[in-house]
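An overview of the molecular structure
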Amino acid sequence: MVTVRQLIACGTLATTSAPVSPAYSPTNSHLTGGFAGGQAQYARVPFADVGPIKIESDLSDEQVLFLSDILPTGYMGAEMCDIRSSDVVAVWGAGPVGQFAMDSARLLGAAKVIAIDKEPYRLALAERAGHVPVNFEEVDVRSRLLELTGGRGPDKCIDAVGLEATHGSAHIAAYDRVKQAVRSETDRPHALRQAILSCRSGGVVSVIGVYGGLLDKFPAGAWMNRSLTLRTGQCHVQRYLKPLLQRIERGELDPTRIITHTLPLEEAHRGFEMFKNKQDNCEKVVLKP
């Protein structure tokens, strides 16, 4: 029988008779060499004799489950920032990956970590973990970040949102929606624009949010003239598996803090619905076979 511990590096794990529709993950699409059926009834495991790692400690499945993707992604986002002990790090997106990016930034020595989102329950989750919440529907993000950093701006910025970003200003949000509708752009880069414009001169903007096509109004002038370093890329999961496992074993990271719902596999549809529509304060669903 295949278990989570055997396939921890493989993402989608179990088989099910539930009518889960086949789908393609944005990060594993044909653009980057994806495999069909990432959310289907059966999991395809390429290089199963190479990719997985064996969990030999007494950690629970929940403690190690997110090593398969989102924990390494969040950690890589923080690592690309070259964090120093005096740094203020701002993270756009307080979803699961954003939460792990915040935790990783603090683990790597950041003096302050700021969480930017619009969902109160996500911001509350970040605040309980010791991060500073900023609701972009209630305040102007750049102005608030200047207040929190003595007028300088964050030293390092992490975009953990990607191409489906929304904006607190209705007319700005509508602009990119219209551009998408007429096929003039594919991605809504609100978070990326804001990160570039908010980051202090000479800072680093780390992008782990998914982008798949073309975007408009990219602030290239601010990026170039203020000497910003822009770093991005698909997560190198294999590189981080063992180091992050060791950090979990030492108690330096608690991946289980983002789990808000545990459901049987037969209720996967309900889990997807809750997460998609942000119902019942749903941050992360774990499905149990």
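For the structure, see preceding data.
If you're wondering where the values come from, they're calculated on a predicted model, not measured in any experiment.

**Details of the overall build of the protein**
When helices and strands are tallied, the protein shows ten helices and eight strands. Intrachain contacts of the protein at a sequence separation of at least 6 include 72% that bridge at least 24 residues. Taken as a whole, the protein presents about 14600 Å² of accessible surface, with 52% of it coming from carbon and sulfur.

**Quick notes on the pattern of salt bridges**
Side chains that differ in sign of charge can pair as their charged atoms come close. Under the defined criterion, the tally for this structure stands at 17 salt bridges. Across the pair R231 and D82 runs a salt bridge whose closest N-O atoms are separated by 2.7 Å. Taken together, the residues span a long stretch of sequence, with R231 in strand β6 (residues 229–232) and D82 in the loop between α2 (70–79) and β1 (88–92) at a distance of 149 residues. In this structure R231 comes out as partly exposed when scored by relative accessible area, which is 30%. Judged by relative accessible area, which is 42%, D82 ranks as partly exposed. For the salt bridge of R247 with E252, the shortest nitrogen-to-oxygen distance reads 2.7 Å. Among the residues examined, R247 registers a relative accessible area of 18% and is labelled buried. Each of D103, R106 and R257 takes part in a single network of salt bridges with overlapping partners.

**Digging into the packing of aromatic side chains**
Applying the stated criterion to the full structure yields three aromatic pairs. Residues F66 and F100 carry aromatic rings whose centres are separated by 5.9 Å and whose planes lie at 50° to one another, so their mutual orientation is tilted. Of this pair, F66 sits in the loop between α1 (61–65) and α2 while F100 sits in helix α3 (residues 96–107); the two residues are 34 residues apart in sequence, bridging distant segments of the chain. The exposure classification of F66 matches that of F100, with both residues buried. Here the aromatic rings of Y75 and Y240 are separated by 5.6 Å at their centres, their planes lie at 65°, and the arrangement is edge-to-face. Within this pair, whereas Y75 is found in helix α2, its partner Y240 is found in helix α9 (residues 237–249), the two being separated by 165 residues in sequence. Of the two residues, Y75 and Y240, neither departs from the other in class, the shared state being buried.

**Here's the deal with the nonpolar core**
Membership of the largest hydrophobic core comes to 40 residues, with the highest contact counts inside it found for F66, L67, L71, V91 and I158. Residue assignment for this core shows that the elements contributing at least two residues are α1, α2, β1, α3, β2 (112–117), α4 (120–128) and α9. Top contributing element to this core by residue count: α9, with six residues. For L71, the contacting residues outside a window of four places in its chain are F66, F100, L244, I248, L253 and P255. Counting 21 residues, the second-largest nonpolar core is a separate cluster that includes A165, I196, V205 and V207.

**Quick look at the sheet that holds β1**
Strand order in the open sheet formed by six strands is β3-β2-β1-β4-β5-β6, and the pairing between neighbours is parallel. What marks the edges here is a single partner per strand, and that holds for β3 (132–135) and β6. In this sheet, adjacent strand axes meet at a mean angle of 20° when their direction is disregarded. With four bridges connecting them, strand β4 (residues 156–159) and strand β5 (residues 204–207) associate as parallel partners. Directly across from I158, in β5, lies its bridge partner S206.

**Brief notes about the state of the cysteines**
Evaluated as defined, the whole model comprises zero disulfides. Its sulfur unpaired, C199 is 4.0 Å from the next cysteine sulfur, which belongs to C157.

**Examining the packing of α2 against α9**
Any two packed helices are characterised by how steeply their axes cross, that is the angle between the axes, and by the distance between the axes. Between α2 and α9, whose axes approach to 10 Å, the crossing angle comes to 95°. As summarised for this structure, α2 and α9 are arranged roughly perpendicular, according to the angle between their axes. Contact residues: L71, P72, Y75, M76 and E79 in α2; V237, R239, Y240, L244, R247 and I248 in α9.

Rules and cut-offs
Residues numbered from 1 in each chain as written. Predicted model: local features only at pLDDT ≥ 70, side-chain atom pairs only at ≥ 80, totals over all residues. Heavy atoms only, no water. Helix = DSSP H or I, 4+ residues; strand = E, 2+ residues; numbered from the N terminus. Contact = heavy atoms within 4.5 Å. Areas by Shrake-Rupley, 256 points an atom, 1.4 Å probe, with all protein chains shown as cover. Salt bridge = Lys/Arg side-chain N within 4 Å of Asp/Glu carboxyl O. Buried < 20%, exposed > 50% of the residue type's maximum accessible area, 1.4 Å probe, protein only. Phe/Tyr/Trp six-rings, centres within 6.5 Å; stacked < 30°, edge-to-face > 60°. Core = buried A, V, L, I, M, F, W, Y, C linked by side-chain atoms within 4.5 Å. Pairing = 2+ DSSP bridges. Axes fitted to C-alpha atoms, helices over the stretch in contact; angles between N-to-C directions. Disulfide = S-S within 2.5 Å. Parallel < 35°, antiparallel > 145°, perpendicular 65-115°, else oblique.

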